[in-house]
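Results of the structural survey
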Amino acid sequence: FLHYSIEHGHMEEEKIKDYFNLGVDLESLYKQWRKVDPIFNNISVNYPGVRMLRQHPVENLFSFICSANNNIQRISGMVENLAKEYGSKVCEFQGNEYYSFPDIDKLAQTGVEAKLRELGFGYRAKYIEESAGKILQLGGEEWLFSLRKMDYQEAKQNLLQLSGIGPKVADCILLMS
């Protein structure tokens, strides 16, 4: 998130508002959800203000490709390995190095699939390299952001043309970014 939000040495307020979905009227949503879901009705009392993040579409898309038939711990490790291998070092803090999520062009390079297979990504390695290449052909990051302006069905159909993205993963990507 910070990698995409820091420009000229300061945080941009609009990007922070977008990331935390601060333009969403939670109270009206909570009222609707409480009427149809008794579990949510109980949870919302104890956890007011909980909201869905609006993640950067590049990181979100490739993270969901990693999620296929996987558990959270393994997905987190795969995303961290993508950043270490193809991202840029952002900082070191308390002896730990932190990396940005890689740009699409880095993931589209020849040899990415082989390297990711070495790192334990399995069949997902091919999907990552192929999808990165296809995204670049379609217009790169700009194309991904353009999905936000489309209606749901059109955006979903656009995502389904990418390798490793089926209907469920497409829905998750649309929900989270």
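This text gives an overview of the structure that appears in the document.

**With respect to the packing of aromatic side chains**
Within this structure, the stated rule accounts for five aromatic pairs. Here Tyr19 and Phe20 contribute two aromatic rings whose centre-to-centre distance is 5.1 Å and whose plane-to-plane angle is 85°, an arrangement assigned as edge-to-face. On the basis of relative accessible area, Phe20 is assigned to the partly exposed category, the value being 34%. Seen from their ring centres, Tyr123 and Tyr127 are 5.7 Å apart, and the 70° between their planes marks the pair as edge-to-face.

**Quick look at the environment of Pro167**
With respect to the helices and strands, Pro167 occurs in helix H12 (residues 167–176). Sequence separation of Pro167 and Gly87 is 80 residues, and the distance between their C-alpha atoms is 28 Å. With residues near it in sequence (within four places) discarded, Pro167 still touches Lys156 and Leu160.

**Looking at unusual backbone geometry**
Despite not being glycine, Asn69 shows a phi value in the positive range, around 50°. Looking at where Asn69 falls in the secondary structure, it is placed in the loop between helix H5 (57–66) and helix H6 (72–86). Residue classification places Asn69 among the exposed positions, given a relative accessible area of 72%. A positive phi angle is found at Gln94, which is not glycine, with a value near 50°.

**What about the layout of surface pockets?**
Estimates place the volume of the second largest pocket at around 320 Å³. Leu26, Leu29, Trp33, Arg51 and Met52 are, among the 14 residues lining the second largest pocket, the residues nearest its centre. Mapped by element, the contributors of at least two residues to the lining of the second largest pocket are helix H3 (26–36) and helix H4 (38–46). Looking at which element gives the most residues to the lining of the second largest pocket, the answer is H3, with four residues. Per-class residue counts for the lining of the second largest pocket are 11 nonpolar, two polar and one charged.

Scoring rules and cut-offs
- Residues numbered from 1 in each chain as written.
- Predicted model: local features only at pLDDT ≥ 70, side-chain atom pairs only at ≥ 80, totals over all residues.
- Heavy atoms only, no water.
- Phe/Tyr/Trp six-rings, centres within 6.5 Å; stacked < 30°, edge-to-face > 60°.
- Buried < 20%, exposed > 50% of the residue type's maximum accessible area, 1.4 Å probe, protein only.
- Helix = DSSP H or I, 4+ residues; strand = E, 2+ residues; numbered from the N terminus.
- Contact = heavy atoms within 4.5 Å.
- 1 Å grid on protein atoms, 1.4 Å probe; cavity = no way out; pocket = protein on both sides within 12 Å on 5 of 7 lines; lining within 4 Å.
- Points joined across faces, edges and corners; volume = space filled by probe spheres on them.
- Nonpolar A, V, L, I, M, F, W, Y, C, P; charged D, E, K, R; others polar.

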